[in-house]
Amino acid sequence: DFVMQTDATVARVLDALEKSGAAKNTLVVFTSDNGCAPYIGVTDLEAKGHYPSGPLRGHKADAWEGGHRVPFIVRWPSHVKAGSTSDQLTCLTDIIATAATITGAALPHDAAEDSFNLLPALEGKATAPIRPYLLTQAFGGARTLSIHRGNWKYIDHPGSGGNNYDKGEM
């Protein structure tokens, strides 16, 4: 029900942009909160064939991909080719640097230091990694750091750092 409601609401927003004539030049970003909370009954859902994290391991609060990876879907007809994809490493914090670049706004030197401009990726012009690394933290606090670099992730603690401390890995 929630997914159907979300789809219908996004459709209404996109339809309103079309009717207003603003759709072509409006950047729409669709994303979500990270990870499915395990307390909602993930085991029961999976037993019925529904995998809220898809093929990814982990859930909300985990350092594993199922705890941090989120959809990042954009629509901007005048700049982004419909159906295009990118394998760039991104973070939601990158929206501020991207928005500043698009609007020509100057960010103070001490604002959004960890934000990278994704415009080249959106326009299909990125030829090299935009974001060299990404630091994430699981629910366990400062002792549960993960570093993403390219296709690799280093997790400096045993288990997921969130819901699965009993499964050691390094």
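Worth saying up front: this structure is predicted, and the values here are computed from it rather than measured.

**Q** Can you explain unusual backbone geometry? Please cite residues and give values.
**A** For alanine 61, which is not glycine, the phi torsion reads 85° and is therefore positive. Here alanine 61 lies in the loop between α2 (42-47) and α3 (65-68). On the basis of relative accessibility, which here comes to 17%, the residue alanine 61 falls in the buried class. One non-glycine residue with positive phi stands out, namely alanine 112, at about 55°. Secondary-structure assignment places alanine 112 in the loop between α4 (94-103) and α5 (119-122).

**Q** Which residues make up the sheet that holds strand β4 (residues 145-149), and what values go with them?
**A** Paired through their backbone hydrogen bonds, the strands of a sheet run either parallel or antiparallel. The sheet built from three strands is open, its strands ordered β3-β4-β5 with antiparallel pairing. Two strands lie at the open edges of the sheet, namely β3 (134-137) and β5 (152-155), each paired on one side alone. Ignoring which end each strand starts from, the neighbouring axes of this sheet average 20° apart.

**Q** Please provide a residue-by-residue account of the environment of asparagine 25, values included.
**A** Positionally, asparagine 25 belongs in the loop between α1 (2-20) and β1 (28-31). For asparagine 25, a relative accessible area of 58% translates into the label exposed. Through-space distance from the C-alpha of asparagine 25 to that of leucine 119 is 14 Å; in sequence the pair is 94 residues apart. Excluding anything up to four places from it in sequence, asparagine 25 contacts Trp76 and Ser78.

**Q** Describe the packing of aromatic side chains, naming the residues involved and giving the relevant values.
**A** For any two aromatic rings, the description comes down to two numbers: the centre-to-centre distance and the angle of the planes. Applying the stated rule across the entire model yields zero aromatic pairs. Over the aromatic face of tryptophan 64 sits the side chain of arginine 57, whose NZ or CZ is 4.0 Å from the ring centroid.

**Q** Tell me what's going on with a nonpolar patch on the surface, and back it up with residues and numbers.
**A** A grouping of Tyr133, Leu135, Leu145, Ile147 and Tyr154 is seen on the molecular surface, where their side chains present a nonpolar patch of about 450 Å² in accessible area. On the secondary structure map, leucine 135 appears in strand β3.

**Q** So, α1: which residues are in play, and what are the values?
**A** The end-to-end C-alpha distance of α1 is 27 Å, a good match for the 27 Å that 19 residues give at a rise of 1.5 Å each. In the stretch just after α1, glycine 21 is the one whose phi turns positive, near 85°.

Cut-off values and rules
As a convention, each chain's residues are numbered from 1 in the sequence order in which they are written. Only residues with pLDDT of at least 70 get local features here, since the model is predicted, and only at 80 or more are side-chain atom pairs given and counted; chain-wide, interface and lining totals rely on the full set of residues. Calculation of side-chain values draws on the structure's entire complement of heavy atoms; hydrogens and water are dropped beforehand. Numbering goes from the N terminus for both helices and strands, where a helix is a DSSP run of H or I of at least four residues and a strand is a run of E of at least two. Only protein chains enter the accessibility calculation, which uses a 1.4 Å probe; a residue is then buried when its area is under 20% of its type maximum, exposed when over 50%, and partly exposed in between. Whether two strands pair comes down to DSSP finding at least two bridges between them. Helix axes use the C-alpha atoms of the stretch in contact, all axes being lines fitted to C-alpha atoms, and the angles between their N-to-C directions lie in the range 0 to 180 degrees. Between two residues, a contact is recorded if the distance between any of their heavy atoms is within 4.5 Å. Pairing of aromatic side chains here covers Phe, Tyr and the six-membered ring of Trp, requires ring centres within 6.5 Å, and sorts the geometry by plane angle: under 30 degrees stacked, over 60 edge-to-face, intermediate tilted. We count a charge as sitting over a ring when the NZ of a lysine or the CZ of an arginine lies within 6 Å of the ring centre and within 35 degrees of the ring normal. A patch consists of residues exposed above 30% relative accessible area that lack any salt bridge, with like charges linked at up to 9 Å and nonpolar side chains (Val, Leu, Ile, Met, Phe, Trp, Tyr) linked at up to 5 Å. Only the protein chains shown count as cover for residues, and all accessible areas are computed by the Shrake-Rupley method using a 1.4 Å probe. Just to be clear on terms, a salt bridge is a Lys or Arg side-chain nitrogen sitting within 4 Å of an Asp or Glu carboxyl oxygen. In this analysis, the expected span of each helix is defined as 1.5 Å times one less than the number of residues it contains.

Keep in mind these numbers describe shape, not what the thing actually does.
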